[in-house]
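# A closer look at the structure
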Amino acid sequence: MKKVILMMIMCVATVSLHAQKFALLDMDYILKNIPAYERANEQLSQVSKKWQAEVDALQTEAQTMYKDYQKEVVFLSQEQKKARQDAIMEKEREASELKKKYFGPEGELFKKRTALMTPIQEEIYNAVSEIADMRGYQLILDRASDSGIIFGSPKVDISSEVLSRLGYSN
């Protein structure tokens, strides 16, 4: 009896697998062929470098203050030592807060990346969704992600079709 039930389950699973349609796409390939994505990345790179320079300047200033303190520590009174140490710590705190403001999980870079990339991602998603509806795909996998796809036939790759639907030809 158990063998019969197991055999029936395997038959149903096999039939349902054959009924599903799937496709692959290469998100890296798609993104490399969208000029707006390249412009957004360049913009993010430039603003990131600018903000990193600001953070580096504060960190360098704190390091310089510390080196100067070390050179003069023997000549300073306890009050002067305490004041210098506090100033150094305050400068380090400023650098840390600025770094968090720009590069933290909810920082300015994250917000800017979201603002620039979300419209591009939504446009791609809508094109993929339209193709999936039109062709009856139940599943579309990204071969560029770390999903463990070892082989994908070019026959099921819809990356070029997505680019065409977005108005980009290759």
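Preceding this section is the structure that the text describes.
Values in this document were obtained by computation on a predicted structure and should not be read as measured data.

## Details of the overall build of the chain
For the chain, the count of helices and strands is 6 helices and 2 strands. Scanning the chain from its N terminus toward the C terminus, one meets helices and strands in the order α-β-α-α-α-α-β-α. Expressed as a percentage of its 170 residues, the buried residues of the chain come to 23%.

## Topic: the pattern of salt bridges
As enumerated under the stated definition, the model contains 9 salt bridges in all. A salt bridge links Asp86 to Lys82, with the shortest nitrogen-to-oxygen separation between them at 3.1 Å. In this pair, Asp86 and Lys82 both sit in helix H4 (residues 78-103), 4 residues apart, roughly one turn of the helix. Where Glu130 meets Arg165, a salt bridge forms, and the shortest distance between an N and an O atom there is 3.1 Å. Of the two residues, Glu130 is situated in helix H5 (residues 108-135) and Arg165 in helix H6 (residues 159-166); the sequence distance between them amounts to 35 residues. Its relative accessible area of 41% is what places Glu130 among the partly exposed residues. Judged by relative accessible area, Arg165 falls into the partly exposed class, the value being 37%. One connected set of salt bridges, linked through shared partners, spans Glu61, Lys91 and Glu94.

## Structural notes on the packing of aromatic side chains
A complete count under the given rule lists 2 aromatic pairs for this structure. Here Trp51 and Tyr102 contribute two aromatic rings whose centre-to-centre distance is 4.5 Å and whose plane-to-plane angle is 5°, an arrangement assigned as stacked. Of the two residues, Trp51 sits in helix H3 (residues 35-72) while Tyr102 sits in helix H4, which places them 51 residues apart along the sequence. Trp51 sits in the buried class, given a relative accessible area of 10%.

## A look at the packing of H3 against H5
Relative placement of two packed helices is described by the angle separating their axes and the distance separating the axes. Here H3 crosses H5 at 175°, and the two axes come no closer than 10 Å. Here H5 runs roughly antiparallel to H3, going by the angle between their axes. Residues Ala36, Tyr37, Ala40, Asn41, Gln43, Leu44, Val47, Ser48 and Trp51 of H3 lie in contact with H5, whose contacting residues are Glu108, Leu109, Lys112, Arg113, Leu116, Met117 and Ile120. Here the contact of H3 with H5 is built from residues that sort into 10 nonpolar, 3 polar and 3 charged.

## A few points about a nonpolar patch on the surface
On the surface, Phe22, Leu139 and Leu141 cluster together into a nonpolar patch covering about 260 Å² of accessible area. Assignment of secondary structure puts Leu141 in strand E2 (residues 139-142). On the accessibility criterion, Leu141 (32% relative accessible area) is partly exposed.

## A word on the packing of H3 against H4
Orientation of H3 relative to H4, taken along the N-to-C sense of each, is 165°, at an axis distance of 9 Å. With respect to their mutual orientation, H3 and H4 come out roughly antiparallel. Helix-helix and strand crossings are classified by hand; for H3 and H4 the assignment is left-handed. For the contact of H3 with H4, the class distribution of residues is 13 nonpolar, 4 polar and 10 charged.

## What to know about H6
Of all the positions in H6, only Ser159, Val162, Leu163 and Leu166 are classed as buried. Across the axial projection of H6, the buried residues extend over an arc of 100°, all falling on one side. Where H6 is buried, its residues contact strand E1 (22-25), helix H2 (27-32) and H5. Directly beyond the C-terminal end of H6, a positive phi value near 95° is found at Gly167.

Conventions we followed
- Residues numbered from 1 in each chain as written.
- Predicted model: local features only at pLDDT ≥ 70, side-chain atom pairs only at ≥ 80, totals over all residues.
- Heavy atoms only, no water.
- Helix = DSSP H or I, 4+ residues; strand = E, 2+ residues; numbered from the N terminus.
- Buried < 20%, exposed > 50% of the residue type's maximum accessible area, 1.4 Å probe, protein only.
- Salt bridge = Lys/Arg side-chain N within 4 Å of Asp/Glu carboxyl O.
- Phe/Tyr/Trp six-rings, centres within 6.5 Å; stacked < 30°, edge-to-face > 60°.
- Axes fitted to C-alpha atoms, helices over the stretch in contact; angles between N-to-C directions.
- Parallel < 35°, antiparallel > 145°, perpendicular 65-115°, else oblique.
- Contact = heavy atoms within 4.5 Å.
- Nonpolar A, V, L, I, M, F, W, Y, C, P; charged D, E, K, R; others polar.
- Patch = residues over 30% accessible without salt bridge, like charges linked within 9 Å, V, L, I, M, F, W, Y side chains within 5 Å.
- Areas by Shrake-Rupley, 256 points an atom, 1.4 Å probe, with all protein chains shown as cover.
- Left-handed = near helix turned anticlockwise from the far one by under 90°.
- Arc of directions from axis to C-beta.

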